[in-house]
Amino acid sequence: MPERTESESRKLLRRLRDVLAVPGKGQDRLDSITHLIADSMGTEVCSIYLFRDPETLELCATEGLKKEAVHQTRMKLGEGLVGRVARGGAPVNTANAPAERGFRFMPETGEEIFSSFLGVPIQRVGEKLGVLVVQSKEARGFSEDEVYAVEVVAMVLAEMTELGAFTGDDGAMKALHRQPVMFRGTQGQEGAAEGRVWLHEPRVVVTNPVADDPLTEIDRIREAVGVLRVSIDDLLEAQELDKDQKQVLEAYRMFAHSRGWLRRMEEDIMRGLSAEAAVEKEQSAARARMEQVADAYLRERLHDLDDLSNRLLRILTGQGRDTGAEMPDNPVLVARNIGPAELLEYGRRLRGVVLEEGSVGSHAAIVARALAIPLVIHAERISGEALNGDAILVDGDQGIVHLRPEETVARAFRDKIAMQAEAQKRYASLRGLPAQGTCGTVVALDMNAGLMADLPSLDSSGAEGVGLFRTELQFLIRNKMPKRAELASLYTRVMDAAQGQRVVFRTLDIGSDKVLTYMKPSDEPNPAMGWRAIRVGLDKPGVLRMQVQALIRAAAGRPLTIMFPFVAEHAEFAEARSHVLRELHRERSLGHPAPERLEIGAMCETPSLAFAPRAFFELADFISVGGNDLKQFFFAADRENERVRRRYDTLNLSFLGFLEGIVARAAEAGTPLSFCGEDAGRPVEAVALAALGFRRLSMRPASIGPVKALIRRVNLVEAREVIEAARARGAETARAALMDWLATQAG
Ligand code: PEP
Ligand code: MG
């Protein structure tokens, strides 16, 4: 890098810092800066565009374009060259701007006379703040050095923006992290919560982005990288690492030792950035790339680099994760993503969880659901926007989050929470009463569970038992395979807590997407229909047998109920069942008492099982319809794909007809039947299921009250007639008819 440009760049940054050091209005500062940059770059134009809202950029200051356009010219993200820079998070450099793809002519700025265009994003660790542009009449491409210099300046601007250097009442910029922001994400777990933000990864604050003395900064970064390398080596040498953890750390080590990474940061420093700002500049570039790459492996690696940059920043600034901030009384966890074990550590202290990433079926989502904590996922950009302690409202029903909400929004939200609390009180009064329709039919209501923490709900919810205990949660939250004794002790505690009420233990539903870190990952094109659940259990019976042994020991002579997930044909169930009987025999010969009563059932989650031979229905001690999976396979609509997962109504009459068929076949064979998918917890759906003949429903504990309240209000025989009438009319779904009918019922 030529010494001349280096010092030019440093000179510019120092001048920039001097401008910022003088107290002044935000707009005046922006004006001085554009002037300074144009002057220093020898270009006619320098403009700063900042985001007004996440979708809109506004020209906030310019040297060289018409001043009248300031605060008037706006563009959408992705629109025009400026919008393209913002969206891509990467520079656009062209000698002939009007000929460039996406160029948008804006007469109010007078920019048509400028041919060359260089735009670089103003971004800070993935947070898009704006775009810095230089333009000149002369048709020339900007050199690599010049691009680099402008990027360095943009980095300082980003830091300064973050520190509030350009805010003011003069139209310059609204203060960051003060405005109310609404995030539209995806529903992860229902429920509403009000609280204060608790960041899982608090932001590192960089107060000085400009280096006073580059050589000192170079020493600092080398020393910090040295510390980082040693810390990773130490981690690698630590005992108890499984293969995957080792692999991740090896990748970290590779990055930490990468010459390219350190060299780029040193170059940034020679251009005038402080060590911290240099780390952030490289981190921002990696984040921008992360948004662009589709390849999962590459994204993962960029993620590693991101994590490593955070560690390096913490070493440089001395700011640990523990910022000394106290967790608020009503914490709502905000994070880019979080592992299931970490989430479980926070446990029920959390009022809500908001994630930027994650999926409906992710392990963290499963834990949040088990803990009954409202969860919103895909709340893009929230971890960059939220500050510790900010007021936050989480609407898990709608998948909406209000950060720093206006008082009117907060009030409406509180009304909603109060109404829900009121309803819960009403439900509590029904606790000791049966879910009995006015026709006299009684429907047993069980709860779904998966963690020890769920068990207290057994009493408070009024559930008769646990209709589905998802045993995989205990496997998901660990980083190594649990031992038989550990499982036995856990299952013992579950049965103790149930105090004789029936608990249906579903064997491990794992594989493909629900990968255990300690099991060899298998890359399957279609995991939901892949090697999962009972298929894994039968092909590699070691874990299945261990689980069955643990269950038998935990029962210690008490009744035991075991259920197999994802059975697709009779033979699979018969084989799984014989494994249980073999283990029972073995355990007895080892001196462990046999359960007083042993029930072995199957989940009906694949349409094929509904058509299994009668022998299957006779062999199963009970059958539970796993509606979540069954519905996804009936409609061929992925339950985790936002585009399709709500496309088909559960009350679609074809689906109801199909369920009726299952009811009839179970009744014919005299096999007890239940339903344990999420739909069982939705009151209208629950009434429909009961009307079709399901006499046992298993659901989230919080749903038991609402479901019971509705069932007690209605005549299930009439409900069935309503469904039949809708079918006779040729309706697609019974929903409208049922809703109309319910509206006429006393209540
Ligand atoms: C189901 O598929 O309906 C079910 C209860 O199982 P899971 O949601 O755990 O797949
Ligand atoms: Mg299932």
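Quick caveat: nothing in here was measured; it's all calculated off a predicted structure.

Scanning the chain from terminus to terminus reveals 27 helices and 23 strands. Here the C-alpha coordinates of the chain stretch approximately 90 × 60 × 45 Å along the principal axes. Here the chain, with 747 residues, has 54% of them falling under the buried criterion. Within the chain, contacts between residues at least 6 apart in sequence are counted, and of these 67% link residues at least 24 apart. For the chain, the exposed area adds up to about 31,900 Å²; of that, 51% sits on carbon and sulfur atoms. A distance of 4 Å separates the average location of the 97 positive side-chain charges in the chain from that of its 108 negative side-chain charges.

What follows concerns the sheet that holds strand E1 (residues 45–53). Read across the sheet, 6 strands follow the order E3-E2-E1-E6-E5-E4 without closing on themselves; strand pairing throughout is antiparallel. Looking at strand neighbours, the two that pair on one side only are strand E3 (74–76) and strand E4 (92–94), the edges of this open sheet. Here the strands of the sheet are splayed against their neighbours by 25° on average, with no regard to which way each runs. As judged from the 3 bridges shared by strand E2 (residues 56–63) and E3, these two strands associate in the antiparallel manner. Its bridge partner being in E3, Leu 57 is matched across the sheet by Met 75. Lying over the sheet, helix H4 (residues 144–162) contacts E1, E4, strand E5 (116–124) and strand E6 (127–136), oriented at roughly 40° with respect to E5.

Under the defined criterion, the tally for this structure stands at 53 salt bridges. The partner of Arg 414 in a salt bridge is Glu 407, and the shortest N-O contact between them spans 3.3 Å. Its relative accessible area of 34% is what places Arg 414 among the partly exposed residues. A residue is classified by how much of its surface remains accessible, and Glu 407, at 43% relative accessible area, is partly exposed. A salt bridge links Glu 685 to Arg 735; its shortest N-O distance comes to 2.8 Å. One end of the pair, Glu 685, is in helix H24 (residues 683–692); the other, Arg 735, is in helix H27 (residues 735–743), and 50 residues separate them in sequence. By relative accessible area, which is 8% here, Glu 685 ends up buried. For Arg 735, a relative accessible area of 26% corresponds to the partly exposed category.

What follows is about the coordination of the magnesium ion (ligand 2). Ideal values differ by geometry: the angle at a metal is 109.5 degrees with four tetrahedral donors, but 90 or 180 degrees with six octahedral donors. At 2.0 to 2.1 Å from the magnesium ion (ligand 2) lie its protein donor atoms, namely Glu 605 (OE) and Asp 629 (OD). Placement of the pair is Glu 605 in the loop between strand E20 (598–604) and helix H20 (607–610) and Asp 629 in helix H22 (residues 627–634), with a sequence separation of 24 residues. A residue is classified by how much of its surface remains accessible, and Glu 605, at 2% relative accessible area, is buried.

A few words on unusual backbone geometry. Positive phi outside glycine occurs at His 71, with the angle close to 65°. For His 71, the location among the structural elements is in the loop between E2 and E3.

Here helix H26 (residues 716–728) spans 18 Å end to end across 13 residues, near enough to the 18 Å set by a 1.5 Å rise per residue. When H26 is considered as a whole, its buried residues turn out to be Leu 716, Ala 719, Val 722, Ile 723 and Ala 726. Viewed along the axis of H26, the buried residues span an arc of 105°, placing them on a single side of the element. Opposite its buried face, H26 presents the exposed residues Glu 721 and Ala 728, each directed more than 90 degrees away. Tucked into the core, H26 has its buried residues touching strand E16 (442–449), helix H23 (653–669), H24 and H27. The N-terminus of H26 is capped by Asn 715, whose side-chain oxygen sits 2.9 Å from the backbone nitrogen of Val 717.

Ligand 1 sits among 13 residues. The nearest are Arg 470, Arg 506, Glu 605, Asn 628 and Arg 639. At 2.8 Å from an oxygen atom of ligand 1 is found a side-chain nitrogen or oxygen belonging to Glu 605. The separation between an oxygen atom of ligand 1 and a polar main-chain atom of Gly 627 is 3.1 Å. Against a free-state accessible area of 280 Å², the protein chains account for coverage of 97% of ligand 1. Contributing elements (two or more residues each) for the shell around ligand 1: strand E17 (466–470) and H22. Of the residues forming the shell around ligand 1, the biggest block, 3 residues, is contributed by H22.

Turning to empty space enclosed by the protein, a few remarks are in order. Over the atoms, a rolling probe the size of a water molecule traces out where space has been left empty. Taken as a whole, this structure holds 2 cavities of 30 Å³ or more when the rule is applied. Estimates place the volume of the second largest cavity at around 30 Å³. As for the second largest cavity, its lining consists of Gln 123, Gly 126, Lys 128, Ser 284, Arg 287, Ala 288 and Glu 291. Counted by class, the lining of the second largest cavity contains 1 nonpolar, 3 polar and 3 charged residues. Counting residues domain by domain, the lining of the second largest cavity receives three or more from each of domain 1 (3–162) and domain 3 (214–317).

What follows deals with the domain arrangement of the chain. Each assigned domain of the chain is listed here: domain 1 (3–162), domain 2 (181–201 + 327–413), domain 3 (214–317) and domain 4 (421–519 + 527–743). On the domain 4 side, the residues contacting the 16 residues of domain 2 number 15 residues. Interface area, domain 2 with domain 4, both sides summed: about 1,400 Å², of which 57% is carbon and sulfur. In this structure, the salt-bridge partner of Arg 682 is Glu 190, at a minimum N-O distance of 3.7 Å. In this structure, the connection of domain 2 to domain 4 is made through 2 residue pairs in polar contact (both at pLDDT 80 or more). The greatest single-element share of the side of domain 2 that touches domain 4, amounting to 4 residues, is contributed by helix H11 (residues 363–370). Broken down by class, the residue content of the side of domain 2 that touches domain 4 amounts to 8 nonpolar, 6 polar and 2 charged.

Conventions used here
- Residues numbered from 1 in each chain as written.
- Chains lettered and ligands numbered in written order.
- Predicted model: local features only at pLDDT ≥ 70, side-chain atom pairs only at ≥ 80, totals over all residues.
- Heavy atoms only, no water.
- Helix = DSSP H or I, 4+ residues; strand = E, 2+ residues; numbered from the N terminus.
- Buried < 20%, exposed > 50% of the residue type's maximum accessible area, 1.4 Å probe, protein only.
- Contact = heavy atoms within 4.5 Å.
- Areas by Shrake-Rupley, 256 points an atom, 1.4 Å probe, with all protein chains shown as cover.
- Lys, Arg positive; Asp, Glu negative; His and termini not counted.
- Charge placed at Lys NZ, Arg CZ, Asp CG, Glu CD.
- Pairing = 2+ DSSP bridges.
- Axes fitted to C-alpha atoms, helices over the stretch in contact; angles between N-to-C directions.
- Salt bridge = Lys/Arg side-chain N within 4 Å of Asp/Glu carboxyl O.
- Donors = N, O, S within 2.8 Å, 3.2 Å for Na, K, Ca; no water.
- Expected span 1.5 Å × (residues − 1).
- Arc of directions from axis to C-beta.
- Polar contact = N/O pair within 3.5 Å; in protein donor to acceptor, adjacent residues only side chain to side chain.
- Near = heavy atom within 4 Å.
- 1 Å grid on protein atoms, 1.4 Å probe; cavity = no way out; pocket = protein on both sides within 12 Å on 5 of 7 lines; lining within 4 Å.
- Points joined across faces, edges and corners; volume = space filled by probe spheres on them.
- Nonpolar A, V, L, I, M, F, W, Y, C, P; charged D, E, K, R; others polar.
- Domains from an automatic or database assignment.
- Buried area = accessible area lost by both parts, 1.4 Å probe.

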